[in-house]
Amino acid sequence: MTTPPAPAVERRHPVPDAALTWEPSERRVRGKKGTTVVVDSRRPVLVWEPGHAVPLYAFPRGDVRTDLLRPAADPDVGAHSGSTVFYDLVVDGVAEANAAWTFPGAELAGHIAFEWFGRVGVGPDHWYEEDEEIFVHPRDPYSRVDALRSSRHVQVEIDGTLVADTRSPVLLFETRLPVRYYIPREDVRLDLFTPTDLRTGCPYKGTAEYWSLTDPDSDAPADVAWSYPDPVPAAGAVKDLIAFYNEAVDIIVDGERLERPATGFTRRPGA
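Residues numbered from 1 in each chain as written. Predicted model: local features only at pLDDT ≥ 70, side-chain atom pairs only at ≥ 80, totals over all residues. Heavy atoms only, no water.

K.L.:
Residue-level account of the sheet that holds strand β15 (residues 170–174), with values.
P.N.:
Strand order in the open sheet formed by 3 strands is β12-β15-β16, with antiparallel pairing between adjacent strands. With one partner strand each, in any of the chains shown, β12 (145–149) and β16 (180–182) form the two edges of the open sheet. Looking at each pair of strands side by side, their axes are set apart by 25° on average, direction ignored. Bridge count between β12 and β15: 5 bridges; the pairing is antiparallel. Across the sheet, the residue bridging to D146 is F173, located in β15. (Pairing = 2+ DSSP bridges. Helix = DSSP H or I, 4+ residues; strand = E, 2+ residues; numbered from the N terminus. Axes fitted to C-alpha atoms, helices over the stretch in contact; angles between N-to-C directions.)

The following block contains the structure:
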């Protein structure tokens, strides 16, 4: 009996990409600038802007320290879904331009949003859901991350050279992303790699550190491998293991060479 081919992968998000979309959240969300509480809300709204894969929060005006906001000196009109009303955030005498804004339309009237990941250093620099600090952007309720220990035979080749070979990987399944194969360090040829200074943050996994292939003649991109030395509890199984970009290396699983996927990470780090 012939096994039919698997259907083509179509990774969809339940939130439409081309429309401003929102839904209420029951989480208490706080934002601080240094030690100053800028917003403290038990009724935030998750907002997805057109063209953005991840959400941000908007807050009822009454939950925001509006005394720290002043009309923007140079409003960044057009930066956020047709918004025309922007505010500079002033804390301890330091003003940050266009750190907050309101959305047009009646549905989100009376709500104020703040910069999160768009411009580093602008807006609150510490965010909390309940009492847990979160990073980079709010976690999407429609995304899930599962790190599962496995006995699959996983091999990684770069430019035809075997750089990793394990039978005890951890497979990380993340919504709308390819499976990432995390490999114990003792099963990786780390002598072929050089640590880099790159660090990236992920709200679902933590802060990653990176390696590049040492060979200057390799076609492999910089920062092709990464690890989470101190992952968030939900991704604890990948602690100190090493993963590679499926988009840039050859991965063989149980003898089957996988097709390289095309994703938003094909040309940039941060998986």
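Past the structure itself, the notes keep going.
K.L.:
Describe the sheet that holds strand β5 (residues 56–60), and please don't skip the residues or the numbers.
P.N.:
One open sheet accounts for 7 strands, arranged β1-β4-β5-β9-β8-β7-β6; its pairing is antiparallel. Pairing within the sheet leaves two strands with one partner each, and these edge strands are β1 (21–24) and β6 (69–71). Adjacent strand axes in the sheet meet at a mean angle of 40°, parallel and antiparallel pairs treated alike. Of the strand pairs in this sheet, strand β7 (residues 86–91) and strand β8 (residues 94–101) are connected by 5 bridges, and their pairing is antiparallel. Counted as the bridge partner of Y87 is A100 from β8.

K.L.:
Account for the packing of aromatic side chains, with residues named and values stated.
P.N.:
Overall, the coordinates contain 13 aromatic pairs when judged by the stated rule. Ring centres 6.3 Å apart and planes at 55° place the aromatic pair F59 and F114 in the tilted group. Remark: F114 occurs in strand β9 (residues 111–114) and F59 occurs in strand β5; sequence separation between them is 55 residues. Classification of F59 by relative accessible area gives buried; the value is 0%. What makes F114 buried here is its relative accessible area of 0%. Arranged with centres 6.3 Å apart and planes meeting at 85°, the rings of Y182 and W226 form a pair that is edge-to-face. With Y182 in strand β16 and W226 in strand β19 (residues 225–227), this residue pair connects regions lying 44 residues apart in the sequence. Its relative accessible area of 0% is what places Y182 among the buried residues. Members of the aromatic cluster, each reached through a chain of ring pairs, are Y57, F59, F114, W116 and W127. (Phe/Tyr/Trp six-rings, centres within 6.5 Å; stacked < 30°, edge-to-face > 60°. Buried < 20%, exposed > 50% of the residue type's maximum accessible area, 1.4 Å probe, protein only.)

K.L.:
Describe the nonpolar core, with residues and values.
P.N.:
Ranked by internal contacts, the top residues of the largest apolar core, which has 39 residues, are V156, I158, Y182, F193, W226, V238 and F244. If you tally residues by element for this core, the top one is strand β18 (residues 206–213), at 4 residues. Not counting the four nearest positions on each side in its chain, Y182 is found in contact with P169, V170, L172, K205, W226, Y228, V238, L241, I242 and A243. Within the second largest apolar cluster, 32 residues are counted, among which are V15, L69, A100 and V122. (Core = buried A, V, L, I, M, F, W, Y, C linked by side-chain atoms within 4.5 Å. Contact = heavy atoms within 4.5 Å.)

K.L.:
Describe the pairing of β18, with residues and values.
P.N.:
Counting buried positions along β18 yields 7 of 8 residues, so the element is predominantly enclosed. Summarising the sheet, strand β17 (residues 193–202) and β18 pair through 7 bridges and their orientation is antiparallel. Along β18, the bridge assignment pairs T200 with A208. Counting the residues that bridge the hairpin from β17 to β18 gives 3 residues. Relative to β19, β18 runs antiparallel, the two sharing 3 bridges.

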